[in-house]
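The lines below spell out each chain.
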Amino acid sequence: MTSEIKKIIEKPELSRDEIIMLLSVDSEAESQLIFEKAFAIKNHIHGSKIYLRGLIELTNKCLKNCYYCGIRSGNKNATRYELSEKEALQAAVLAWEQGFGSIVIQSGELKSEVFASKIERLLQQIHHKTNNELSVTLSCGEQTLDTYKRWVVAGAHRYLLRIESSNETLYYKIHPNDQMHDFQTRLQALHDLRTAGFLVGTGVMIGLPEQTIAHLADDLLFFKNFGVDMVGMGPYLEHHETPLFEKNHLLWSESTRFQKSLLMIAILRIMMPHINIAASTALETLNPLGRQKGILAGANVIMPNVTPLEKKINYDLYDKKPHLYNDTEKIVQAAKQIRDTNFLNGG
Ligand code: SAH
Ligand code: SF4
C-alpha cells in the first residue's frame, strides 16, 4: 500500500479512484507521505511565504437557513449585529497598517439595495484610505450578476462562495429544499462571479453527516474541473442550535474530521499546485496547531480575524469557534508568528 501511495502522489493527474485511495489512508506514515509531497509542491511553486488575509465579519444578519449554520435566520437566539461603514473601514485600515496585503469581508447573505450599495461604498473608501494597496476578497453569499459587477468596479478582486458540497443530494440534506437554497443557483453564482471578473474561490465542509469519502473525492474533482483560483475548506463543526445537530450520531470523530481535512488540503495541492489554499480557522477548533498543520499539508493562506471583539462574538457559525474572546492585537500577533515560522525546518 505504501509503495502505491508513493507512486500515486508523483502523478500529474489523479483519477477518482486514486483520489479515493489517498483520502482513505489512515496510517500516520502514509498520511505523512502525502502531506510532505503537498508541502514540497507548495514551497516549490509559492516559496515559503504564507499570506495573511484579515477577516472582517461584517454582519451576522442572514436571510438564509442553512441547516448547519449558527447564524441562520431561523436561529432566534442569535444576537444580530452589523458593523457600520466606519467600523468596517477601521478594521480594514488596521489590517493594512499591520502590513497585510489583503482582507476578506464576509457576511450573512443579504440581498437588498441598501446592502449592495453599502459594500460598494465601503470598497471605495477602503481603497481610498489604504493607497489602493489592499486586495479585497468578498464572501457575502449569492447575489445578482449586476451586483457582482458593481462590486468589481468598486474594487473587489476575489470572491469566496463555497459550494458546501458538490453532490446535489448531499447539498439538499444540509439545506432546505427550496428556491432560496437552490443547488443550481449556487452553481450558476460561481459562473456569474467569473463572468463579472472575480478571481473565484470555493470550498466545502468536511465530515458532514452522511458525507462519504467518494463525495469528498468528487468535491476535489469539482474544484479542478471548474478551475477555481482559491479554495477555503475545513471541517464541519456542530452548532447546538441548528437542525443538523440532530444528526450528530452520524459524525466521524473529531480526529477523523481533522485528519480528512488535512488530506483534502494536501491532495488538492497535489492536483492544483498554483491555487491559493486557506488553512481554515475551523481546523484550530479541532487541534490547537490546526493552522500550522494545514500549512504543512500544503495550504498557503491564513485568515486572522480583525473584526472588533464585541461584535465578532456573535458571528457564531459553529460551537467552540477559536479566538472568540481574543482581541485583534493578540490574533494578529499569533498569525504573524505562524507566518514567520520556518516550516522548512520542521516548524
Ligand atoms: N453567508 C456566506 C458567507 C458566510 S458563511 C455564505 O454562506 O457563503 C461562511 C462559511 O462558513 C460557509 O460557506 C460554511 O462553509 C461555513 N460554515 C457555516 N457553518 C459551519 C459549521 N457548522 N461548520 C463549519 N463551517 C461552517
Ligand atoms: Fe447564512 Fe452563510 Fe450561514 Fe448559510 S452559511 S445561514 S448563507 S451565513
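Everything that follows concerns the structure shown earlier in this document.
A brief look at the structure comes next.

1. Some thoughts on the side chain of Lys312
For step 1, the next point in the chain: Inspection of the secondary structure puts Lys312 in helix H13 (residues 309–312).
For step 2, the next point in the chain: Buried within the structure, Lys312 lacks any salt-bridge partner; its nearest side chain of opposite charge belongs to Glu57, at an N-O separation of 6.9 Å.
For step 3, the next point in the chain: Residue contacts for Lys312: discarding those within four places in its chain leaves Glu57, Tyr81, Asn305, Thr307, His323, Leu324, Asn326 and Ile331.

2. Considering the pattern of salt bridges
For step 1, the next point in the chain: Scanning the entire structure with this criterion turns up 22 salt bridges.
For step 2, the next point in the chain: Of the charged contacts, one joins Asp218 and Arg16 as a salt bridge, the two residues approaching to 2.7 Å between their closest N and O atoms. Taken together, the positions of Asp218 in helix H9 (residues 213–226) and Arg16 in helix H2 (residues 16–23) put the pair 202 residues apart, joining distant regions of the chain.
For step 3, the next point in the chain: For Arg16, a relative accessible area of 38% gives the class partly exposed.
For step 4, the next point in the chain: One salt-bridge network, in which partners are shared between bridges, spans Lys64, Glu109, Lys111, Glu142, Glu164 and Arg186.

3. A closer look at the site of ligand 2
For step 1, the next point in the chain: Taken together, the neighbourhood of ligand 2 is formed by Cys62, Lys64, Cys66, Tyr68, Cys69, Ile71, Arg72 and Gly108.
For step 2, the next point in the chain: The cavity where ligand 2 resides is the largest cavity.

4. Some details on the layout of surface pockets
For step 1, the next point in the chain: There is about 270 Å³ of room inside the largest pocket.
For step 2, the next point in the chain: Lining the largest pocket are 14 residues; nearest its centre among them are Gln32, Phe35, Gln292, Lys293 and Leu296.
For step 3, the next point in the chain: Listed by contribution, the elements that provide at least two residues to the lining of the largest pocket are helix H3 (28–46), helix H10 (254–271) and helix H12 (290–296).
For step 4, the next point in the chain: In terms of residue count, the dominant contributor to the lining of the largest pocket is H3 (5 residues).
For step 5, the next point in the chain: Split by residue class, the lining of the largest pocket holds 7 nonpolar, 4 polar and 3 charged.
For step 6, the next point in the chain: By volume, the second largest pocket is sized at about 190 Å³.
For step 7, the next point in the chain: Around the second largest pocket, the lining residues are Lys49, Ile50, Tyr51, Leu52, Arg53, Gly99, Phe100, Gly101, Ser102, Arg158, Asn276 and Arg339.

Quick notes on the rules
- Residues numbered from 1 in each chain as written.
- Chains lettered and ligands numbered in written order.
- Predicted model: local features only at pLDDT ≥ 70, side-chain atom pairs only at ≥ 80, totals over all residues.
- Heavy atoms only, no water.
- Helix = DSSP H or I, 4+ residues; strand = E, 2+ residues; numbered from the N terminus.
- Buried < 20%, exposed > 50% of the residue type's maximum accessible area, 1.4 Å probe, protein only.
- Lys, Arg positive; Asp, Glu negative; His and termini not counted.
- Salt bridge = Lys/Arg side-chain N within 4 Å of Asp/Glu carboxyl O.
- Contact = heavy atoms within 4.5 Å.
- Near = heavy atom within 4 Å.
- 1 Å grid on protein atoms, 1.4 Å probe; cavity = no way out; pocket = protein on both sides within 12 Å on 5 of 7 lines; lining within 4 Å.
- Sits in = over half its atoms within 2 Å of the grid points.
- Points joined across faces, edges and corners; volume = space filled by probe spheres on them.
- Nonpolar A, V, L, I, M, F, W, Y, C, P; charged D, E, K, R; others polar.

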